[in-house]
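So you can see what is in the structure, the chains are spelled out below.
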Amino acid sequence: MTDKIDKEPADTPPRDSHAPETIKAIPVRHYGRYVSAVVVLALVALLVNAFATAEKIQWSAVGDKLFDSTVLAGAGRTLLISVLAMIVGVVLGVVLAVMRLSKNPVTSWVAWAYIWFFRGTPVYVQLLLWFNLALIFPMLNLGPIYKDEMTDVMTPFMCALLGLGLNEAAYMAEICRAGLMAVDEGQTEAAHALGMSHGKTLRRIVIPQAMRVIVPPTGNEFINMLKTSSLVYAVTYNELLRATSTIGSTSYAVMEMLFVASIWYLVMTSVFSVFQYYLERRFARGSSRSLPPTPWQRVKVNLMAFSRERGGA
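A quick note: this is a predicted structure, and the numbers were derived from the prediction, not measured. (Residues numbered from 1 in each chain as written. Predicted model: local features only at pLDDT ≥ 70, side-chain atom pairs only at ≥ 80, totals over all residues. Heavy atoms only, no water.)

(A) Broad picture of unusual backbone geometry. Positive phi, close to 65°, is recorded for T236, a residue that is not glycine. Within the fold, T236 resides in the loop between α9 (198-228) and α10 (240-251). Of note in this structure, Y252 is not a glycine but carries a positive phi near 60°. Within the secondary structure layout, Y252 lies in the loop between α10 and α11 (254-283). Owing to a relative accessible area of 75%, Y252 belongs among the exposed residues under this scheme. (Helix = DSSP H or I, 4+ residues; strand = E, 2+ residues; numbered from the N terminus. Buried < 20%, exposed > 50% of the residue type's maximum accessible area, 1.4 Å probe, protein only.)

(B) Structural view of the layout of surface pockets. Taken as a whole, the largest pocket spans an internal volume of roughly 530 Å³. For the lining of the largest pocket, the elements supplying multiple residues, two or more each, are α7 (156-182), α8 (185-193) and α9. Its residues placed into classes, the lining of the largest pocket shows seven nonpolar, four polar and four charged. Its volume calculated, the second largest pocket comes out at about 380 Å³. Taken together, 18 residues make up the lining of the second largest pocket; nearest its centre are V90, V215, T218, G219 and L279. (1 Å grid on protein atoms, 1.4 Å probe; cavity = no way out; pocket = protein on both sides within 12 Å on 5 of 7 lines; lining within 4 Å. Points joined across faces, edges and corners; volume = space filled by probe spheres on them. Nonpolar A, V, L, I, M, F, W, Y, C, P; charged D, E, K, R; others polar.)

(C) Quick peek at the packing of helix α3 (residues 69-100) against α7. Packing of α3 against α7 brings their axes to within 5 Å, and their N-to-C directions diverge by 45°. Relative to α7, α3 is oriented oblique. In this structure, the crossing between α3 and α7 has a hand that is right-handed. In terms of residue class, the contact of α3 with α7 is made up of 22 nonpolar, three polar and four charged. (Axes fitted to C-alpha atoms, helices over the stretch in contact; angles between N-to-C directions. Parallel < 35°, antiparallel > 145°, perpendicular 65-115°, else oblique. Left-handed = near helix turned anticlockwise from the far one by under 90°.)

(D) Fine view of α9. With 31 residues, α9 should reach 45 Å at 1.5 Å per residue; the first-to-last C-alpha distance of 36 Å falls well below that figure. Where α9 bends most, at M211, the angle is about 45°. N-cap assignment for α9: the residue whose side-chain oxygen lies 3.3 Å from the backbone N of K200 is S197. (Expected span 1.5 Å × (residues − 1). Bend = angle between axes of the 7 residues up to and from the residue. Polar contact = N/O pair within 3.5 Å; in protein donor to acceptor, adjacent residues only side chain to side chain.)

(E) The arrangement of α10 in detail. Taking 1.5 Å per residue, twelve residues should reach 16 Å; α10 reaches 17 Å between its end C-alpha atoms and fits that length. Every buried residue of α10 is accounted for by L240, A243, T244, I247 and G248. Axial view of α10: buried residues confined to an arc of 130°, hence all on one face. Note on α10: the residue one or two positions beyond its end, Y252, has a positive phi of about 60°. (Arc of directions from axis to C-beta.)

(F) Spatial organisation of the packing of aromatic side chains. Here the structure, examined in full by the defined rule, presents ten aromatic pairs. On the basis of an interplanar angle of 35° and a centroid distance of 4.4 Å, the ring pair of Y114 and F118 is categorised as tilted. In this pair, Y114 and F118 are both assigned in helix α4 (residues 105-120), four residues apart and thus about one turn of the helix distant. Judged by relative accessible area, Y114 falls into the buried class, the value being 18%. Ring geometry for F157 against Y237: centres 6.0 Å apart, planes inclined by 50°, an arrangement best described as tilted. Here the residue F157 occupies a position in helix α7, and Y237 occupies one in the loop between α9 and α10, the gap between them amounting to 80 residues. Relative accessible area serves as the criterion here: at 8%, Y237 is assigned to the buried category. It is R242 that lies over the ring of Y233; its NZ or CZ is 5.1 Å from the centre. (Phe/Tyr/Trp six-rings, centres within 6.5 Å; stacked < 30°, edge-to-face > 60°. Lys NZ or Arg CZ within 6 Å of the ring centre and 35° of its normal.)

(G) Expanded view of the pattern of salt bridges. Enumeration over the complete set of coordinates arrives at three salt bridges. Measuring nitrogen to oxygen at the nearest pair gives 3.2 Å for the salt bridge that ties E174 to R100. Taken together, the residues E174 in helix α7 and R100 in helix α3 connect sequence positions 74 residues apart. As a salt-bridge pair, E174 and R177 come within 2.9 Å of each other at their nearest N and O atoms. Separated by three residues within a single helix, E174 and R177 lie in helix α7, roughly one turn from each other. What emerges from the salt-bridge pattern is a single network uniting R100, R119, E174 and R177. (Salt bridge = Lys/Arg side-chain N within 4 Å of Asp/Glu carboxyl O.)

(H) Structural context of the packing of α3 against α11. Direction vectors running N to C along α3 and α11 enclose 40°, while the axes themselves pass 11 Å from each other. As the angle between them shows, α3 and α11 are arranged oblique. Crossing angle aside, the handedness with which α3 passes α11 is right-handed. Contacts between α3 and α11 pair V71, L72, A75, T78 and L79 from the former with M257, V260, W264, Y265, M268 and F272 from the latter. Partitioned by chemical class, the residues of the contact of α3 with α11 number ten nonpolar, one polar and no charged. (Contact = heavy atoms within 4.5 Å.)

Written out as structure tokens, the structure reads:
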């Protein structure tokens with residue numbers, strides 16, 4: 001019997017029976033980040049100190065007037081007009097988007113002209129046009145249904161609602177149109193093949209799928225509406241900015257009341273930003289493999305990464 005031939009060369013070193021040592025990864029230190037963070041914090045501290053030490057600003061007045069009944073009523077009116085104007089904008093925007101996509105050239109052209117006008121003129125100008133509509137139409141005459149003077153019809157609330165709502169409808173029409181066009185045409189063809197009408201196809205098939213595209217910009221539009229509602233100050237609607245300005249003009253605390261208004265705007269936009277985030281997260285369930293992390297989950301990940309970096313250092 002022949003012996004087995006050893007194929008390894010003679011000069012090959014003997015194999016180590018022990019497992020290799022674990023590689024210890026040392027994180028790279030980003031000194032530029034630390035320097036930039038210190039510079040930014042120093043600038044923020046200087047800005048805060050400038051406001052805090054301003055002699056002509058009475059910060060106690062900000063705390064005293066923050067929950068004033070007039071301010072709270074103004075904030076409630078701001079929220080009310082924003083919600084109602086957004087409802088008008090969404091409903092009319094969906095109608096305009098369907099008209100834009102219609103094969104009827106008349107309805108498509110009318111929708112295009114509406115969007116062109118309201119997107120091309122400032123909201124402030126539109127509010128003033130509604131407020132002074134009585135100069136063109138002194139009387140609103142709808143025959144046997146309704147008849148009254150235009151000055152009684154166009155109250156500050158109605159001017160604010162029409163000015164904000166009709167302007168928002170032009171932007172919502174484009175958002176809705178983009179969402180409807182994002183749905184594959186095969187979905188519509190399959191629904192028609194099953195005998196569904198055009199309206200039923202929109203309600204049951206197209207619009208539910210388009211919501212994933214429509215919801216995120218709609219949330220942004222509502223947050224923008226909360227801030228844009230301050231323009232109704234021009235039509236004497238007593239919203240948050242007008243309420244705080246009235247208090248400031250009588251108490252000579254103009255800057256302090258502007259801070260109060262800013263705080264309430266920040267509170268409202270922050271709350272609705274959280275709602276918008278979770279609404280987007282819900283509609284992303286059918287399109288993403290994994291849902292985006294919540295704010296608390298992001299904080300935990302950042303804290304864990306920071307602790308690991310400190311441990312490595």
